[in-house]
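A closer look at the structure
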Amino acid sequence: MRRFAMVVALGCAGLAAPALAADDEMTALVDEAKGLMGSFGGTLKDELMAAVKAGGPVNAIGVCNEVAPEIAASVSEGSGWNVGRSSHRLRNPDNAPDAFTAAAIAEFLEREAAGEKPDDLAKAAIVEEDGKRVFHIVKAIPTGDLCVNCHGGDEVTAEVEAKLAQLYPDDEARGFSVGQMRGVFTLSKVLDD
Ligand code: HEC
């Protein structure tokens, strides 16, 4: 089951009507975010698979290195959303989590340790940041067969390892096994302008 924690800051909490409106707002935002996550994750996976097929994992490192941020930027652009990926074990320090994402990742790790599947781990909330209401949603990404080519242990070839070492000297995103949470999609949107 997918659980979305709802933390809604309401001026008049306890009144039925605003609470209902807030629920509607949450549902609409969660739906919109899921659509964006689908385009981001889907496009990325397609590009990654095509690149691995065309030239092996070494060739595909470029997709993650250059194309992933581009896809994230193009999905974000014009949508009013900030779309990205993060992790508890980062390859690229630029993907470091914001406070909401870090807290969600910590919670997901505990829940994973308690037996929940990464596919079921998601968290959404409206929080107040710098006087503005900001919607955040974070969803765990499981490690799949494709991923261990570049995030696994022994599966990673010497050639891939050399390229990764060159691009990411502080790489922490190795040693994952299939099924484990590799990281998260993280999306946010400022609601008050
Ligand atoms: C061809 C090698 C390759 C494959 C295959 C690959 N990744 Fe990555 N991954 C990378 C690289 C390189 C980065 C760093 C991207 C950047 O610089 O933003 C990365 C970054 C990430 C990040 C962002 C957080 C961080 O650590 O910087 C996540 C999450 C992630 N990968 C998950 C996955 C998942 C899930 C799969 C399988 C569906 C996968 N990766 C497959 C090479 C790969």
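Rules of the game
- Residues numbered from 1 in each chain as written.
- Predicted model: local features only at pLDDT ≥ 70, side-chain atom pairs only at ≥ 80, totals over all residues.
- Heavy atoms only, no water.
- Helix = DSSP H or I, 4+ residues; strand = E, 2+ residues; numbered from the N terminus.
- Donors = N, O, S within 2.8 Å, 3.2 Å for Na, K, Ca; no water.
- Phe/Tyr/Trp six-rings, centres within 6.5 Å; stacked < 30°, edge-to-face > 60°.
- Lys NZ or Arg CZ within 6 Å of the ring centre and 35° of its normal.
- Near = heavy atom within 4 Å.
- Polar contact = N/O pair within 3.5 Å; in protein donor to acceptor, adjacent residues only side chain to side chain.
- Nonpolar A, V, L, I, M, F, W, Y, C, P; charged D, E, K, R; others polar.

A closer look at unusual backbone geometry
- The phi angle at Asp-130 is positive, at roughly 50°, despite the residue not being glycine.
- With respect to the helices, strands and loops of the structure, Asp-130 is situated in the loop between strand E2 (122–129) and strand E3 (132–142).

Quick word on the coordination of the iron atom of the ligand
- Just one protein atom coordinates the iron atom of the ligand, and that atom is His-151 (NE2), at 2.1 Å.
- When you line up the elements, His-151 lands in helix H3 (residues 148–151).

Here we look at the packing of aromatic side chains
- With the rule as written, the count across this model stands at two aromatic pairs.
- With a centroid separation of 5.5 Å and 65° between ring planes, the pair formed by Phe-40 and Phe-185 is classed as edge-to-face. Here the residue Phe-40 occupies a position in helix H1 (residues 16–76), and Phe-185 occupies one in strand E4 (residues 181–190), the gap between them amounting to 145 residues.
- In this structure, Arg-89 packs its charged tip against the face of Phe-176, placed 3.9 Å from the ring centre.

Quick notes on the site of the ligand
- Taken together, 21 residues sit near the ligand, with Arg-91, Cys-147, Cys-150, His-151 and Arg-182 positioned nearest.
- Here an oxygen atom of the ligand and a side-chain polar atom of Asn-92 are 2.8 Å apart.
- Here Asn-95 contributes a side-chain N or O atom positioned 2.7 Å from an oxygen atom of the ligand.
- Secondary-structure elements contributing two or more residues to the shell around the ligand are H1, strand E1 (81–86), E3 and H3.
- No other element matches the six residues that H1 contributes to the shell around the ligand.
- Across the shell around the ligand, the residue classes tally to 12 nonpolar, five polar and four charged.

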